[in-house]
Amino acid sequence: RKEVEQDPGPFNVPEGATVAFNCTYSNSASQSFFWYRQDCRKEPKLLMSVYSSGNEDGRFTAQLNRASQYISLLIRDSKLSDSATYLCVVIGGYSTLTFGKGTMLLVSP
Amino acid sequence: EAQVTQNPRYLITVTGKKLTVTCSQNMNHEYMSWYRQDPGLGLRQIYYSMNVEVTDKGDVPEGYKVSRKEKRNFPLILESPSPNQTSLYFCASRNSGDTQYFGPGTRLTVL
């Protein structure tokens, strides 16, 4: 099993839709979790951290399920500007950082 | 402004001509890393450094060297570039367990 796995997509959704991505991780000792957003040919940028209690930032909600070893990202009321690749990031033992390969989201008018 | 800078941003070179891509961060971060990103392969770590004079190989270190003589700088050296090193390169920095900040990327083409 790969360390961090994501569905590569693309997820094609219309504006206004709700879309959710999952990311599974294999290391049960993983400590910190993040979602990054990457626009084409640009650097990844932090979207949000993921906490055990879940956290929300506007239209974005992130959840962590330690028992099943996955994190999720929910985007409500999708905008055209949400089109990007979303990367799952996991920090494990010895502070090692592992990226998923990303999930591509395409929001259409 | 907190940032990671890389230079050059774009480089076209020829096989075998040594090159260095510089990376600098102004956040006093302990950890610095280099990644390459290729279509369908995601971000792959080349080398990382946990502090000054402490470096280690990542997933794809062949053909690359790094050094960490100062905390803020982490240059990537290609002693003899080859066409398979044509890629988009990102430098990044963070503190232990913390969010990672990326540089703007260097697009390298080796002919």
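Residues numbered from 1 in each chain as written. Chains lettered and ligands numbered in written order. Predicted model: local features only at pLDDT ≥ 70, side-chain atom pairs only at ≥ 80, totals over all residues. Heavy atoms only, no water.

Visitor: So what's going on with the overall build of chain A? Which residues, and what values?
Guide: In terms of helices and strands, chain A carries zero helices and eleven strands. Start at the N end of chain A and walk to the C end: the helices and strands fall as β-β-β-β-β-β-β-β-β-β-β. On C-alpha atoms alone, chain A measures out to a radius of gyration of 13 Å, which is about the 13 Å that the 2.2 N^0.38 rule sets for 109 residues. Relative to its 109 residues, chain A shows a buried fraction of 48%. Within chain A, residue pairs in contact and separated by at least 24 positions form 56% of the contacts whose partners lie at least 6 positions apart. Carbon and sulfur atoms make up 50% of the accessible area of chain A, which amounts to about 5500 Å² in all. Chain A carries 11 positive and 10 negative side-chain charges, and their two centres are separated by 4 Å. (Helix = DSSP H or I, 4+ residues; strand = E, 2+ residues; numbered from the N terminus. Rg over C-alpha atoms; globule rule 2.2 N^0.38 Å. Buried < 20%, exposed > 50% of the residue type's maximum accessible area, 1.4 Å probe, protein only. Contact = heavy atoms within 4.5 Å. Areas by Shrake-Rupley, 256 points an atom, 1.4 Å probe, with all protein chains shown as cover. Lys, Arg positive; Asp, Glu negative; His and termini not counted. Charge placed at Lys NZ, Arg CZ, Asp CG, Glu CD.)

Visitor: Tell me what's going on with unusual backbone geometry, and back it up with residues and numbers.
Guide: That bond from G9 of chain A to P10 of chain A is cis: its omega, 5 degrees, falls within 30 degrees of zero. Residue placement: P10 of chain A occurs in the loop between β1 (4-6) and β2 (11-14). For R41 of chain A, which is not glycine, the phi dihedral falls at a positive 65 degrees. Tracing the backbone through its elements, the reader meets R41 of chain A in the loop between β4 (32-38) and β5 (45-50). Under the relative-accessibility criterion, R41 of chain A is labelled exposed at 57%. The phi dihedral of N28 of chain B is positive, around 60 degrees, even though this residue is not glycine. For N28 of chain B, the location among the structural elements is in the loop between β3 (19-25) and β4 (31-38). You can call N28 of chain B exposed: its relative accessible area is 53%.

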